[in-house]
Amino acid sequence: SVLLYQKPNRDICQSGTSLKIQCVADSQVVSMFWYQQFQEQSLMLMATANEGSEATYESGFTKDKFPISRPNLTFSTLTVNNARPGDSSIYFCSSRLGGREQYFGPGTRLTVL
Amino acid sequence: GDSVTQTEGPVTLSEGTSLTVNCSYETKQYPTLFWYVQYPGEGPQLLFKVPKANEKGSNRGFEATYNKEATSFHLQKASVQESDSAVYYCALSEAGAKLTFGGGTRLTVRP
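Here goes a summary of the coordinates provided. Because the structure is a prediction, the values reported are computed rather than measured. (Residues numbered from 1 in each chain as written. Chains lettered and ligands numbered in written order. Predicted model: local features only at pLDDT ≥ 70, side-chain atom pairs only at ≥ 80, totals over all residues. Heavy atoms only, no water.)

Some thoughts on the environment of Leu-33 of chain B
Residue and element names in this part refer to chain B.
- Relative to the assigned elements, Leu-33 resides in strand β5 (residues 32-38).
- Overall, Leu-33 belongs to the buried group, its relative accessible area being 1%.
- Apart from residues lying up to four places away in sequence, Leu-33 is in contact with Tyr-25, Phe-48, Lys-49, Val-50, Tyr-66, Phe-73, Ala-91 and Leu-92. (Helix = DSSP H or I, 4+ residues; strand = E, 2+ residues; numbered from the N terminus. Buried < 20%, exposed > 50% of the residue type's maximum accessible area, 1.4 Å probe, protein only. Contact = heavy atoms within 4.5 Å.)

Considering the sheet that holds strand β8 (residues 62-65) of chain B
All names here are of chain B.
- Taken together, the 4 strands give an open sheet; going across it, the order is β3-β9-β8-β7, and neighbouring strands pair in antiparallel fashion. Either end of the sheet is taken by a strand with one partner, and the two such strands are β3 (19-21) and β7 (56-59). On average, each strand axis in the sheet is tilted by 20° relative to the strand beside it, whichever way the strands run. (Pairing = 2+ DSSP bridges. Axes fitted to C-alpha atoms, helices over the stretch in contact; angles between N-to-C directions.)

A closer look at the state of the cysteines
- All told, the structure shown has 2 disulfides over all chains when counted by the stated rule.
- Linked covalently through their sulfurs, Cys-23 of chain A and Cys-93 of chain A form a disulfide whose S-S length is 2.0 Å. One quick way to see it: the torsion about the S-S bond of Cys-23 of chain A and Cys-93 of chain A is about 70°, and its sign makes the bridge right-handed. With Cys-23 of chain A in strand β3 (residues 19-25) and Cys-93 of chain A in strand β9 (residues 89-96), this residue pair connects regions lying 70 residues apart in the sequence. Summarising the burial analysis for this pair, Cys-23 of chain A and Cys-93 of chain A share the class buried.
- Each sulfur in the disulfide pair Cys-23 of chain B and Cys-90 of chain B lies 2.0 Å from the other. The S-S bond linking Cys-23 of chain B to Cys-90 of chain B shows a torsion near -65°; that makes this disulfide left-handed. Here Cys-23 of chain B is found in strand β4 (residues 23-26), whereas its partner Cys-90 of chain B is found in strand β10 (residues 86-93), with 67 residues between them in sequence. Residue Cys-23 of chain B shares its accessibility class with Cys-90 of chain B, and that shared class is buried. (Disulfide = S-S within 2.5 Å.)

What about the interface of chain B and chain A?
- In this complex, chain B contributes 23 residues to the contact, which on the side of chain A involves 18 residues.
- Taking both partners together, chain B and chain A bury about 1,600 Å²; carbon and sulfur atoms supply 51% of that area.
- Applying the counting criterion to the chain B and chain A interface returns 3 salt bridges.
- Secondary-structure elements contributing two or more residues to the side of chain B that touches chain A are β5, β6 (45-50), β10 and β11 (99-101) of chain B.
- Counting residues per element, the side of chain B that touches chain A draws most heavily on β5 of chain B, at 4 residues.
- Classifying every residue of the side of chain B that touches chain A by side-chain character gives 11 nonpolar, 7 polar and 5 charged. (Buried area = accessible area lost by both parts, 1.4 Å probe. Salt bridge = Lys/Arg side-chain N within 4 Å of Asp/Glu carboxyl O. Nonpolar A, V, L, I, M, F, W, Y, C, P; charged D, E, K, R; others polar.)

These values are about where atoms sit, not about what they do.
Structure, rendered in structure tokens:
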């Protein structure tokens, strides 16, 4: 398995501001993923990030709104631009090693006022 | 596209009773099936996976059989404990390694 760490654990920001969420893996991983989870709902895949290439976004998520960087095999950042109250949710990073299973970080709870 | 449908919660049981959470899926390919568990304030944890049809996965007393004919992967446990209270997610992954999650089933076990 792989351990993932996220920073910050939680954040509160004002509408219109931007914030960055960091994800660090304890070993090199091929792919990292970002998910959004609203209160009492399931997880929604936002994007897939492979090292050295542009992230691939799922329908409903854009690079302008949620830019993702993947500078090396253990690190990724998700930025939320022009944050709105509707972006208030928990954001998880995940990764996989060689198999199809994914391992998840503890999440970052974002509240946008 | 792929989809996963599971028992809508919440489910409330008394300690020592049996659990079944239904999961059905739709896909055109050959998925690996998973059960994940999420405790409050944490990220989802892999409970177990089953990559092949007609095989069974298990962990911590939970089990599920990959039924390709019925496209089902029901989660079962013979005797639940209070510590099993959590949200359970059925999920599938295709060759591209994307995970598709079901809607989740919240389980509360009363002592």
